[in-house]
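So the chains spell out like this:
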Amino acid sequence: MISSKQTVSSYVVMLDGGSLETLELTAAQAEGFECLTCKTQHTKESGAFQPVGRIPSVGSVFQCLKCAGGAR
């Protein structure tokens, strides 16, 4: 399923803290299946992800804890 969501598009992301950023993301990143930074897949087993924002009408976006606080 993730392999079918690798098309890159521009998304306006409302980051925690209220800022809006336009980011180039894969569909998997935009839909919360991959880390915004390193593209690690978000699974129940990985568990170490935190929400960092939302894309209106798409859903929440996440970063793995390893990337949290790093550059996007």
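Higher on the page you've got the structure.
Below or above, wherever it landed, is the structure these notes cover. (Residues numbered from 1 in each chain as written. Predicted model: local features only at pLDDT ≥ 70, side-chain atom pairs only at ≥ 80, totals over all residues. Heavy atoms only, no water.)

A closer look at the pairing of strand β4 (residues 59-64)
In terms of burial, β4 is largely enclosed, as 5 of its 6 residues are buried. As judged from the 6 bridges shared by strand β3 (residues 49-55) and β4, these two strands associate in the antiparallel manner. If you follow Q50 over to β4, its bridge partner there is Q63. Connecting β3 to the next strand, β4, in antiparallel fashion are 3 residues, including S57 with a positive phi near 65°. (Buried < 20%, exposed > 50% of the residue type's maximum accessible area, 1.4 Å probe, protein only. Helix = DSSP H or I, 4+ residues; strand = E, 2+ residues; numbered from the N terminus. Pairing = 2+ DSSP bridges.)

Side note on unusual backbone geometry
You will see that K39, though not glycine, has its phi angle at about 65°, which is positive. The topology assignment puts K39 in the loop between α1 (27-30) and β3. Its identity is not glycine, yet S57 carries a phi of approximately 65°, on the positive side. Summarising the element assignment, S57 is placed in the loop between β3 and β4.

Comments concerning the state of the cysteines
Evaluation of the coordinates by the stated rule reveals 0 disulfides. Free of any disulfide, C35 has its nearest neighbouring cysteine sulfur in C64, separated by 3.8 Å. (Disulfide = S-S within 2.5 Å.)

Structural notes on the sheet that holds strand β2 (residues 20-26)
Paired through their backbone hydrogen bonds, the strands of a sheet run either parallel or antiparallel. Taken in spatial order, the 4 strands line up as β2-β1-β3-β4 in an open sheet, and their pairing is antiparallel. Strand pairing shows two members of the sheet lacking a second neighbour, β2 and β4, which therefore form its edges. Recorded for the sheet is a direction-independent mean angle of 50° between the axes of neighbouring strands. (Axes fitted to C-alpha atoms, helices over the stretch in contact; angles between N-to-C directions.)

Details of the nonpolar core
In terms of nonpolar packing, the biggest core is built from 11 residues, these being Y11, V13, L15, L23, L25, A27, A30, L36, V52, I55 and V61. Looking at this core, the elements with two or more residues in it are β1 (8-15), β2, α1 and β3. Looking at which element gives the most residues to this core, the answer is β1, with 3 residues. With 5 residues, the next largest nonpolar core counts F49, F62, C64 and C67 among its residues. (Core = buried A, V, L, I, M, F, W, Y, C linked by side-chain atoms within 4.5 Å.)

Read these as spatial facts, not as claims about activity.
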